[in-house]
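Close look at the chain arrangement
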Protein chains: 2
Amino acid sequence: MTATAAERVQHQGLRAKIMSAEQAAEFVQHGMTLGIAGFTGAGYPKALPTAIAERAKAAHARGEEFKINMITGASTAPECDGVLAAANAVNFRNPFQSDPGIRNSINAGNIHYQDMHLSHVEQQIRNGFYGDIHVTIIEATGITADGKIIPSMGIGHNNEALKAAQKIIIEVNAKQNPLLETMHDVYFDIGTPPNRQPIPLVKPDDRIGSPYLECDLDKVVAVVLTDGFDRNSKFADPDENSKRIAAQIIDFFNHEVKAGRLPKNLLPLQSGVGNVANAVLAGLLDAPFDDLTGYTEVLQDGMLDLIIAGKMKSASATALSFSPDALQRFNDNIEFLRDKIVLRPMEITNNPELIRRLGVIGMNAMIEADIYGNVNSTHVMGTKMMNGIGGSGDFTRNAFFSFFVSPSVAKDGAISCIVPMVSHHDHTEHDVMFIVTEQGMADLRGKSPRQRAQLVINNCAHPDYRDMLNDYYARAEKAGGLHTPHILAEALSWHQRFVETGDMRIK
Amino acid sequence: MTATAAERVQHQGLRAKIMSAEQAAEFVQHGMTLGIAGFTGAGYPKALPTAIAERAKAAHARGEEFKINMITGASTAPECDGVLAAANAVNFRNPFQSDPGIRNSINAGNIHYQDMHLSHVEQQIRNGFYGDIHVTIIEATGITADGKIIPSMGIGHNNEALKAAQKIIIEVNAKQNPLLETMHDVYFDIGTPPNRQPIPLVKPDDRIGSPYLECDLDKVVAVVLTDGFDRNSKFADPDENSKRIAAQIIDFFNHEVKAGRLPKNLLPLQSGVGNVANAVLAGLLDAPFDDLTGYTEVLQDGMLDLIIAGKMKSASATALSFSPDALQRFNDNIEFLRDKIVLRPMEITNNPELIRRLGVIGMNAMIEADIYGNVNSTHVMGTKMMNGIGGSGDFTRNAFFSFFVSPSVAKDGAISCIVPMVSHHDHTEHDVMFIVTEQGMADLRGKSPRQRAQLVINNCAHPDYRDMLNDYYARAEKAGGLHTPHILAEALSWHQRFVETGDMRIK
């Protein structure tokens, strides 16, 4: 199964362009905007970022400027975001990150970060919102004799980043399983408004494009051979809180199926990244639903196990992001899996048209929710970026049902995840249908803000914070308008108290 | 042209159900949920609401409860929302309103109001999110011999409200122009997930359905004859501020056309309600763009005049909402207009799939924006509802370009429309591309929060507030994380100061 990386470059012209990462990095200059592959630690370039970081360090040592603007699919890994941040080589970064190094640089004001809906990325590249894309660097599993690119563990924004690029560098990674070939479905022709046609996808597993990425081969300036695994983060086993959250969502599904409002195999499932979202999928292993489908952004351990167990018949995603154990299960079962998993461009996985048409059930983690149903997915205490909104907005706004999940408290109870007003708004009261903590679920559909407040406080907040929330709400009702009662001078005081004392509770 | 209302009921079975509004109102009981037609003062029932309000008053006089839940298309008029609010006959209301009586009741805590994306309304009715729809009351221009309903000046949610209803009451209004017949396009079969097909609309003026509404005629319990005009609010003539806002947007269009990033006839235009948005369209009368198209929610005076002037070749909307003068122009030119204007269900006009496919240019008014590009469209000083989000979220999120417009100050300068943090979030930093005031425009695309703050403060804020904003921002940079600098204890203090002193400025 393992050809060497060089053997995987079947196209003769591209084989002639094989060079070292250091040589290829010479194409990258200060001030350039780079399209860089990578989506939740999958399919990012393994060698070029380090070589670019070395160029930046050398330039800085000479007293020269060297910073790039980087547009990725989503998060990458320490050997991509991490090394570039450590070399102080990044001026601007979008659309999503989760690397501690990049994060610290963003929050220290050293990197300009645009946190954006992932469905917008390819469209905005195509329409020139970021100016020229000077170099695009992607990872491939191989290149066919006729120059078609076999993608690796994710597609992300690669299709558009290749089309828009002035120069292209392809890393061919011998560690990526060659049986990934034909698991991808690249829809090329999304068109330019006002002359667009409907996207012809009507089932989660429809194939509407090509298994290969294509590009203008004359733009390929370098092919670099690599041999490294994707970043693999281990998931925590579902804890008691996660299991309680999962159980409530599954109870709700049961209820809706019995009422005839949801098919017996539910609707296509989307699950955000992280332990709690993963736990909900784990809970479905033992739930009485079969022939499930997935239409999600990142396929992680939980969904993989549903497919291997025969509970889920197919899943669509833009990237595969597994723990080391799950990667082993994926490779062990790839013959069984390869016609059940479809990897697509992120413009397709996250497309509002398709999410709404399919009636996806969206389940995403949050940092905090407020009593009126606004959700903060991104900011710690209002000012510091955690990771980003990712696809949570694409799915939440267009979902048939949208859930936000979190334990009710964090930091041993010093932080309440239910607050009077969220310190940053990523999903507004208009978008959020269900809030679920280990304490309970609030069904906010068809409710006014005041009705929502009662449900969120009484069903979702931790008992340690319930009296404080009720006290705030009762006083807010006397302070201003009664549509969305707030005490403006106090609405963000819980966060301020945490910043000052390390605890949202009044000591 | 004017048949009597009775002559407009061509179906014999329905003609036999003609009765007075008072008789028809007997079908409405306390606690019922009603689907009521109406969209921005167009096509709402003229007689039933008063008759229901009288029933409520009589019940209240007897010491009995009488309140209904009402789901409309959008805003109605004094003789619908107004009389029901005055009679204290409303328990719950969605998805949009703009009536002073309803607004006061909402802000006094007497009515539960759910402010929601208009594209979600029909889907959520269909899927039972509001429970049973006991009675639906619509207005029609007439009823054909085979029982098809000729809609009036708007469609809104009528298609779904009729399908979901247990009982139906149809008002036939002799004041509505019979030549409205065939101007509508009702797409019936949007399907149920996961078995939906693409919506086959690819041009703003495509016709994909029927010119008539249909319903189960056995459910029609009453036909009521009316003879009243729609509410007609006069627009203010564009003032200097509005003209300056319009000029900047048109300059931008010119720039993009020259750069080849926008077609010469632009892209389909959406314009929110209100004087400023209307002024932008008025500005296009003299701009060098021809063969314009409109894909909007409400077609108002500005777009009508573009069509009459031959600048716009076609427009799609869910309702026609005109000033008295514009209504006269509409009726005078209806033979010319009837193949250029298409009226559709709001589920189609506001559909994310179609807005994104067509590449609509969204232009919407706002109450305030903050320095990071978050927008408040709905709340006065964070707690009181003004009107609602309407379709602004549907269009903004999915638009090719999205603009938010407002004069930089209100109340003679006592309120800055650019604030440190908006007091309510309807459109987040992830969705807002351009903010335009009479002072200037901020292009927020591809910018970090700190980059956006510089643009919004320096380009858009009124000079009286610029120093205050710069001072806040400079101190915020020292207060916490540097991704989105804020001083949490002070972020909403401008609003608090206005509530306490009547002025956001420090005296």
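Residues numbered from 1 in each chain as written. Chains lettered and ligands numbered in written order. Predicted model: local features only at pLDDT ≥ 70, side-chain atom pairs only at ≥ 80, totals over all residues. Heavy atoms only, no water.

On inspection of all chains with the given rule, the structure shows 24 aromatic pairs over all chains. Taken together, the aromatic side chains of Phe 129 of chain A together with Phe 252, Phe 253, Phe 289, Phe 400, Phe 401, Phe 403 and Phe 434 of chain B make up a single cluster linked through ring pairs. Lying over the aromatic face of Phe 336 of chain A, Lys 340 of chain A brings its terminal NZ or CZ to 3.9 Å of the ring centre. (Phe/Tyr/Trp six-rings, centres within 6.5 Å; stacked < 30°, edge-to-face > 60°. Lys NZ or Arg CZ within 6 Å of the ring centre and 35° of its normal.)

Moving on, we get to the UniProt feature "domain: Acetyl-CoA hydrolase/transferase N-terminal" (unreviewed entry) in chain A. In the numbering adopted here, UniProt assigns the feature "domain: Acetyl-CoA hydrolase/transferase N-terminal" (unreviewed entry) to residues 16-224 of chain A. In the segment residues 16-224 of chain A, helix accounts for 23% and strand for 21%; the C-alpha atoms at its two ends are 11 Å apart. (UniProt positions renumbered as here; feature names shortened; annotations may be inferred. Helix = DSSP H or I, 4+ residues; strand = E, 2+ residues; numbered from the N terminus.)

This part covers the side chain of Lys 340 of chain B. All names here are of chain B. You can see Lys 340 is positioned in the loop between α12 (334-337) and β14 (341-343). Look at Lys 340 and you get buried, because its relative accessible area is 18%. In this structure the side chain of Lys 340 is engaged in a polar contact, spanning 3.2 Å, whose partner is the side chain of Asp 339. Those residues in contact with Lys 340, other than ones at most four positions away along the chain, are Ile 307, Lys 313, Ser 314 and Ala 315. (Buried < 20%, exposed > 50% of the residue type's maximum accessible area, 1.4 Å probe, protein only. Polar contact = N/O pair within 3.5 Å; in protein donor to acceptor, adjacent residues only side chain to side chain. Contact = heavy atoms within 4.5 Å.)

Here the focus is the sheet that holds strand β17 (residues 375-376) of chain A. Residue and element names in this part refer to chain A. Spatial strand order, β17-β16-β23: three strands in an open sheet with mixed pairing. Each of the sheet's edge strands pairs with one partner strand only, and the pair in question is β17 and β23 (418-419). One ladder, built from two bridges, connects strand β16 (residues 368-370) with β23; its direction is parallel. Of the residues in β23, the one forming a bridge with Ala 369 is Ile 418. (Pairing = 2+ DSSP bridges.)

Two copies of the chain are present, and they differ by a rotation about an axis and a shift along that axis. Superposing chain B onto chain A takes a rotation of 180° combined with a translation of 0.0 Å along the rotation axis, leaving an RMSD of 0.0 Å. Look at the turn and shift together and you get a two-fold axis relating the two. Relative to the rotation axis, the C-alpha of Glu 353 of chain B is the closest in chain B, positioned 2.0 Å from it. (Least-squares fit on C-alpha atoms with pLDDT ≥ 70 in both.)

The next subject is the packing of helix α16 (residues 449-460) of chain B against helix α17 (residues 463-476) of chain B. All names here are of chain B. Interaxial distance between α16 and α17 falls to 9 Å at its minimum, and their mutual angle equals 165°. Overall, the two elements α16 and α17 adopt an arrangement that is roughly antiparallel. Between α16 and α17 lies a crossing of left-handed hand. On α17, the residues touching Arg 450, Ala 453, Gln 454, Ile 457 and Asn 458 of α16 are Arg 466, Leu 469, Asn 470 and Tyr 473. Grouping the constituent residues of the contact of α16 with α17 by class yields four nonpolar, three polar and two charged. (Axes fitted to C-alpha atoms, helices over the stretch in contact; angles between N-to-C directions. Parallel < 35°, antiparallel > 145°, perpendicular 65-115°, else oblique. Left-handed = near helix turned anticlockwise from the far one by under 90°. Nonpolar A, V, L, I, M, F, W, Y, C, P; charged D, E, K, R; others polar.)

The next subject is helix α8 (residues 240-258) of chain B. All names here are of chain B. For α8, with 19 residues, the first-to-last C-alpha span of 27 Å sits near the 27 Å given by 1.5 Å per residue. Those residues of α8 that fall on the buried side of the exposure criterion are Ser 242, Ile 245, Ala 246, Gln 248, Ile 249, Ile 250, Phe 252, Phe 253, Glu 256 and Val 257. Gly 260 sits one or two positions beyond α8 and adopts a positive phi of about 75°. (Expected span 1.5 Å × (residues − 1).)

So, about the UniProt feature "active site" (unreviewed entry) in chain A. Residue and element names in this part refer to chain A. Per the UniProt annotation, the sites labelled "active site" (unreviewed entry) are Glu 297. Following the sequence through the fold, Glu 297 ends up in the loop between β10 (292-295) and β11 (298-299). Non-local contacts of Glu 297, meaning those with residues more than four positions away in its chain, are made with Phe 39, Leu 118, Ala 317, Thr 318, Ala 319, Asn 350, Gly 390, Gly 391 and Phe 395.

Here the focus is the domain arrangement of chain A. All names here are of chain A. According to the domain assignment, chain A contains domain 1 (5-226) and domain 2 (240-464). Contacts between the two partners involve 46 residues from domain 1, matched on the other side by 49 residues from domain 2. Summed over both sides, the interface between domain 1 and domain 2 buries roughly 3,800 Å², with carbon and sulfur atoms accounting for 61% of that surface. On the domain 1 side of the contact with domain 2, Met 153, Met 183 and Pro 204 bury the most area, a combined 19% of that side's loss. Between domain 1 and domain 2 we count two salt bridges in total. The residue Glu 347 makes a salt bridge to Arg 126 at a minimum N-O spacing of 2.6 Å. On the surface where domain 1 and domain 2 come into contact, there are 28 residue pairs in polar contact (both at pLDDT 80 or more). Mapped by element, the contributors of at least two residues to the side of domain 1 that touches domain 2 are α5 (100-107) and α6 (121-126). Looking at which element gives the most residues to the side of domain 1 that touches domain 2, the answer is α6, with four residues. Split into classes, the residues belonging to the side of domain 1 that touches domain 2 amount to 21 nonpolar, 15 polar and 10 charged. (Domains from an automatic or database assignment. Buried area = accessible area lost by both parts, 1.4 Å probe. Salt bridge = Lys/Arg side-chain N within 4 Å of Asp/Glu carboxyl O.)

All names here are of chain A. Across the five residues of strand β2 (residues 68-72), five count as buried, placing the element largely inside the fold. Residues Ile 68, Met 70 and Thr 72 point to one face of β2 and Asn 69 and Ile 71 to the other, with burial holding for every one of them. Sheet topology places strand β1 (residues 33-36) next to β2; four bridges connect them, and they run parallel. Within the sheet, the bridge partner assigned to Thr 33 lies in β2 and is Asn 69. Read as a crossover between parallel neighbours, the route from β1 over helix α3 (residues 48-61) to β2 is right-handed. With four bridges joining them, β2 and strand β3 (residues 90-94) adopt parallel strand pairing. Note that in β3 the partner of Ile 68 across the bridge is Val 90. Crossover handedness for the path β2 to helix α4 (residues 78-86) to β3: right-handed. (Right-handed = clockwise from strand over helix to strand, strands pointing away.)

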